[in-house]
Amino acid sequence: MSPWPQPEGPPGVRSATSTLEHPGKRCWQLSVDRLLLIRVWRRRWRRKVFPLQPSRSTFWVRQSDGEFFEKFGSVMRNRTSLMVSESIDRECASSVAAECSQEAENSEAVEDSEEEHLPEEAEIFSRVLGSNVEQLYAEVLYETVHVIGFGAKENQDEILSFLKTAFKFDDEKHDMLLEEARAKEAPDILLNVEVIEAHELHAKDCNGLSDPFCTLYLSNGPTQRYNTSVKTKTLKPTWEEHFSLPVEDPNNDVLVIEVWDFDPAETVREKLGKFSDVKGVKGFKKLFKEVAITASTGKHDNELVGTVEIPLKEVVSGGVKLWRSLTKKGKSKSQGQVHLRLALGALKNVQVATQEHRQLVRVLLKHDLEVTQPLPYKWSGRFLELADSVLNQHRIQTGLDENHVQLARWAEFCAVHIDHALNFQLLGRTLEKLIRPIKDGVLSDEEARVFWEAARKLMPACLTCIRKIRKLMPTDKDTLTQLEALLSILVQLTTLTPPKDFELFPANMFAWLSASNEPHSDIHQSIQDAVRQGAKDWYDHIMEINNDDDKKSDDQDIQLSYYIKILSLLQSDLLKAIEYHDKIYSEVAQFEYTKVIYEVYDERVFGLVEPVVQQTCKNLKPLRFNEDPTQGLYDNDDITMGTSLFELYIALQRFVVMGKGRYLNEDYKCSKFHTWFVKGVAQWLDIALYKALKRIEKAVELGNLQPIDEHVKFSSSAVDTLSIYYQIKVFWKQLNWPDVESSYTFVAKIIDDICRCSEFYAAKMSTRVAGLGETENAFSKKFEVTTEWCTAINNIEYIRQAIHPFVLELGLENILNSMAEFHSESNATQCRKTLQLVIDEAIDTVSNKIIDLIEIMAEKMIPSLHRFLVEAAELLRQNNMSLDRLMDYLQKNFETLHSHLSEENFKRTLAIVWDKLTKQLQELIDSSIEKRRPPSFFANLSDALGIMEGFFKYDETEIASLCENSDLLATTKARLKMHSLDTSELIQQYFLNR
């Protein structure tokens, strides 16, 4: 396993402390996930204990290019769209009241263009009721004076005073109308009865059930009877049927209600046919009794279940709803219970009564709003107590049923909503009570038209709220509740059919509706049009409130920032739509709210941004580079490129993802937005390469060639270089380029550029240490291996090992796999081979730089080694210290190498030094032979070689296995052995070899 930490995450943030086996040996064996967790923990711990600051050299390296890479690496973190949008939202919210008020005024002006607004409070009812206000007031006074029902006059004076205030009549006029009302005769009285239901009836049939119906009559007129319908086979019937009984003496009369079990005319055979339905012993008794009576007399009389009697003096003026037990003569137990609604009223035409009730609702509602002054959408439908008494009294005395009451409320609520927004939940509840009567045809054609006229008045408010929903705070629960109620109203209206040729959305009021909404009554289409128009309005509003000077600025960054801001606001609106509104529209109206908005924004963004990006990229100037990266840098003038272009790319990317992520099958105009930036990305990569080479040059120049701390063996320049790679990777990942072919082109360029930077760094690092370690005195020159040399080698090694992981993190394999899917496997294989050749060549080039640096270092050591070897050969056996000095020199330098180099590079250094030493021995042997050195010289040299060979032995590995040419060592040993022999020994050896 490599002793070097693999680069992952921001460079300079190290992994956990490694386990040191011995000096120069280190082992990082942590998984990537664990490594990341340790980085996070260490970063947090250091922030708490002491701030983690970059080294001084790193700081100045970054400042040398204005932190070019750091700015691009943090493109996504530089913008906070929601903060921008919230500030705009606050600005927009300030104008909501004025805009909504203006919308309501415009709608009212279209509907009634000839009517002028009367500001005087006392004249408001002239607009509401016209000349009928006095007539209505007189009628209400008459009903109050001649109120029907017991206990009705207890608070009559209070009600009269309230009416005078509500209708805004002065005392003189009020007194005159009141006297006229009192002078009129009392109205004819009717008892209005609703038989609602019955529970727990006593069974009368053999099957354990009954077939109940009710008979109603007054005790003073028992011959005038009214019957309900028959409900078969039930002890819990529901009738909900209405009856009006004329009353002559309300003080003494009694309402009698009888519940009967209907007995149809059946033959004996038909009755015996019920045998299988008989329930219990009592059932058999009843069946046999019926059969016997039918057989003997042929009669089929109905059987009384029970009776209830209610004196009319118990019916109060506001009506009463009650349960009463049924009794039967001779029976002590209750025979069941019946549910009734009773009210005393006056005989009046239903159309007149409905019209009066509508007008009364409007007057009292206006008064209620003036007194309570509720906020818009806050009035819940509960009138003031006296107003509620007046309305209830009018409903009872005119005999209006619930349908007509709700129709009157619906019509007036919708009308008042134009001036003062009522609660949409209230309107929804009122509408719910009318849906079934309208579907069942209970209302007349005229009443149905009243209903639809009221709905038409409500439509501007509904569609305006949909369009202006952004003006309200989406986090407000009431806002969402009102929206849900509003949509529910529109959906309920879709279940009904308007009258023929009725325009629910007149063209003069809704000019913005689409042409497909014919004949202007399609509610679903109108919702969609309102949502679409709201999106257009919001887009126009955003464009209006943003500074147009930025758009026209000559500064590219300022100009592009304008479009980024626009996109951020649109994205914010889409996010709010998804979070707050989409679910409501989907559940209530089965409508894709966000999709419609996105379609509008997509079209507008394409027309706004695409030309700007294309022109900006077109204006970019190409850069020039030297062919050989080690030759230095070509001086390009005015290399500037702000982050705004790619912030705009990221903003567009987010925008497109919001659409494609939710609606995969849709083809939007901005879906190919990346093609607008092709030249811009290519230009940035060129600039990044140029800036990277410049920064590497500066990092090597300013770096001190000392490990950044005790845990690692590389210096700050390596960290700075790897930081560049990391920022380029972050930039590429943020781009998330969607097109496979151009992705391959860009990745191939990035890989080639990184390889080029690595080679450039290795060359600069070699130049940086070229003159280090050399010392000179009066007697000799000497080279000592320094930590700077080791750090330089380590730096190059660190960069070399970073190349392959960097390529993997670029997502190259995913790109190649996609190419195989879209094109062919052979094409992807060829591309993979091409890139692999580039990577391998770069790694080999950097590796060769390491070898070259070691070669230079070894070459600098040879003169000293040569001098020590000559001294040792001449004086080895004369107690000379030369060999000791040689060994001390080697020991000192190799300890430095062993302590600061990786095991691999240390072995590589041993092999190179040994090879050069062996060659130096060969040269020394050759020169010594020429100088006719004595055998003792060669013998001493052979002994010195043996000592050094033992010194160079490392990790139980023979020196021969480390050397490039092990035969040279054997030849050297043989030559030294031969030349160390004297003449007699040579002759003997000669004969031995024959």
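Residues numbered from 1 in each chain as written. Predicted model: local features only at pLDDT ≥ 70, side-chain atom pairs only at ≥ 80, totals over all residues. Heavy atoms only, no water.

Here strand β10 (residues 337–346) lies mainly inside the structure; eight of its 10 residues are buried. Pairing between strand β3 (residues 189–199) and β10: 10 bridges, direction antiparallel. Pairing of E194 across the sheet is with R341, part of β10. Taken together, the six bridges between strand β9 (residues 320–325) and β10 define a ladder with antiparallel strand orientation. Across the sheet, residue R324 finds its bridge partner in β10, namely V338. (Buried < 20%, exposed > 50% of the residue type's maximum accessible area, 1.4 Å probe, protein only. Helix = DSSP H or I, 4+ residues; strand = E, 2+ residues; numbered from the N terminus. Pairing = 2+ DSSP bridges.)

What follows deals with the pattern of salt bridges. In the structure shown here, the tally under the stated rule is 30 salt bridges. Among the salt bridges present, the one from E592 reaches K595, with a minimum N-O distance of 3.7 Å. Under the relative-accessibility criterion, K595 is labelled buried at 16%. With a closest N to O distance of 3.2 Å, E855 and K916 form a salt bridge. You can see E855 sitting in helix α29 (residues 825–875) and its partner K916 sitting in helix α31 (residues 903–930), a full 61 residues away along the chain. With relative accessibility at 26%, the residue E855 sits in the partly exposed group. A single salt-bridge network, built from bridges that share partners, covers R358, R362 and E412. (Salt bridge = Lys/Arg side-chain N within 4 Å of Asp/Glu carboxyl O.)

On the surface, I987, Y990 and F991 cluster together into a nonpolar patch covering about 350 Å² of accessible area. Within the secondary structure, I987 sits in helix α35 (residues 983–993). (Patch = residues over 30% accessible without salt bridge, like charges linked within 9 Å, V, L, I, M, F, W, Y side chains within 5 Å. Areas by Shrake-Rupley, 256 points an atom, 1.4 Å probe, with all protein chains shown as cover.)

Before going further, it helps to spend a moment on the confidence of the model for the protein chain. Mean pLDDT over the protein chain stands at 77; residues scoring 70 or higher make up 76%. Overall, residues 1–53 carries pLDDT values under 50, and its contacts beyond four positions in sequence, including any with other chains, amount to 87 contacts. Low pLDDT (under 50) marks residues 76–131, which in the prediction has 66 contacts with non-local residues, meaning those over four places away or in another chain. (pLDDT = per-residue confidence, 0-100. Contact = heavy atoms within 4.5 Å.)

Counting residues in hydrophobic clusters, the biggest one holds 223 residues, and the most contacted among them are F167, W410, F451, I466, Y601, L648 and F677. Here this core gets 19 residues from one element, more than from any other, and that element is α29. Setting aside residues no more than four positions away along its own chain, L648 makes contact with L560, Y563, I564, L567, V609, V613 and F677. Residues V195, V259, L326 and L340 belong to the second largest nonpolar core, which totals 27 residues. (Core = buried A, V, L, I, M, F, W, Y, C linked by side-chain atoms within 4.5 Å.)

Here the focus is the packing of helix α8 (residues 133–145) against helix α13 (residues 350–372). Across the interface, α8 lies against α13 with an axial gap of 11 Å and an inter-helix angle of 100°. Classed by the angle they form, the pair α8 and α13 counts as roughly perpendicular. Mapping the contact onto sequence places L136, E139, V140 and E143 in α8 and E356, Q359, L360 and V363 in α13. Class assignment for the residues of the contact of α8 with α13 results in four nonpolar, one polar and three charged. (Axes fitted to C-alpha atoms, helices over the stretch in contact; angles between N-to-C directions. Parallel < 35°, antiparallel > 145°, perpendicular 65-115°, else oblique. Nonpolar A, V, L, I, M, F, W, Y, C, P; charged D, E, K, R; others polar.)

By the secondary structure assignment, N905 is in helix α31. Taking the relative accessible area as the measure of exposure, N905 reaches 0% and is therefore buried. For the pair N905 and I850, spaced 55 residues apart in the sequence, the C-alpha separation amounts to 8.5 Å. If we ignore the near neighbours within four places in the chain, the residues touching N905 are I793, E797, I850 and I854.

What follows is about the packing of aromatic side chains. We describe a pair of aromatic rings using the distance from one ring centre to the other and the angle between the two ring planes. Here the structure, examined in full by the defined rule, presents 30 aromatic pairs. Where W452 meets F502, the ring centres are 6.4 Å apart and the plane angle is 55°; that geometry is what we call tilted. Taken as a pair, W452 in helix α17 (residues 445–467) and F502 in the loop between α18 (477–494) and α19 (523–545) lie far apart in primary sequence, 50 residues in all. What makes W452 buried here is its relative accessible area of 2%. Ring centres of Y725 and F806 lie 5.9 Å apart, and the angle between their planes is 55°; on these two criteria the pair is classed as tilted. Placement of the pair is Y725 in helix α25 (residues 716–735) and F806 in helix α27 (residues 787–809), with a sequence separation of 81 residues. Residue Y725 shares its accessibility class with F806, and that shared class is buried. Put simply, the rings of Y649, F673, F677, W732, W737 and F746 pair up and form one aromatic cluster. Sitting over the face of the ring of W512, R467 holds its NZ or CZ atom 4.8 Å from the ring centroid. Sitting over the ring of F937, R933 keeps its end group 4.6 Å from the ring centre. (Phe/Tyr/Trp six-rings, centres within 6.5 Å; stacked < 30°, edge-to-face > 60°. Lys NZ or Arg CZ within 6 Å of the ring centre and 35° of its normal.)

Let us now look at the sheet that holds β3. The strand order β6-β3-β10-β9 describes an open sheet built from four strands, whose pairing is antiparallel. Edge positions in the sheet fall to β6 (238–247) and β9, since each of these pairs with one other strand and no more. For this sheet, the mean angle separating the axes of adjacent strands, direction not counted, is 25°. When β3 meets β6, the two strands line up antiparallel, connected through eight bridges. Within the sheet, the bridge partner assigned to L190 lies in β6 and is P246. Contacting β3 and β10, helix α14 (residues 385–398) runs over the sheet at an angle of about 90° to β10.

Time to look at the sheet that holds strand β7 (residues 254–261). Pairing in this open sheet of four strands is antiparallel, and the strands run β5-β4-β7-β8 from one edge to the other. Where the open sheet ends on each side, the last strands, each with one partner, are β5 (221–227) and β8 (303–311). Going across the sheet, the axis of each strand differs from the next one's by a mean of 25°, ignoring polarity. Pairing analysis gives seven bridges linking strand β4 (residues 212–218) to β7, with the strands arranged antiparallel. Of the residues in β7, the one forming a bridge with C214 is V259.

The subject of this paragraph is α8. In this model, α8 (13 residues) spans 18 Å end to end at C-alpha, consistent with the 18 Å of a helix rising 1.5 Å per residue. Burial in α8 covers these residues: V133, L136, Y137, A138, V140, L141, Y142, E143, T144 and V145. (Expected span 1.5 Å × (residues − 1).)

Let us now look at the state of the cysteines. For the structure shown, the criterion picks out zero disulfides. C462 provides the cysteine sulfur closest to C414, a residue in no disulfide bond, and the two sulfurs are 7.9 Å apart. On the basis of relative accessible area, C414 is assigned to the buried category, the value being 0%. (Disulfide = S-S within 2.5 Å.)

Look at Q373: it is not a glycine, yet its phi comes out positive at around 45°. Along the polypeptide, Q373 turns up in the loop between α13 and α14. We classify Q373 as exposed; its relative accessible area is 61%. Phi angles above zero are rare outside glycine, and D501 is one such case at about 65°. Position of D501 relative to the elements: it lies in the loop between α18 and α19. The exposed category is assigned to D501, whose relative accessible area is 72%.

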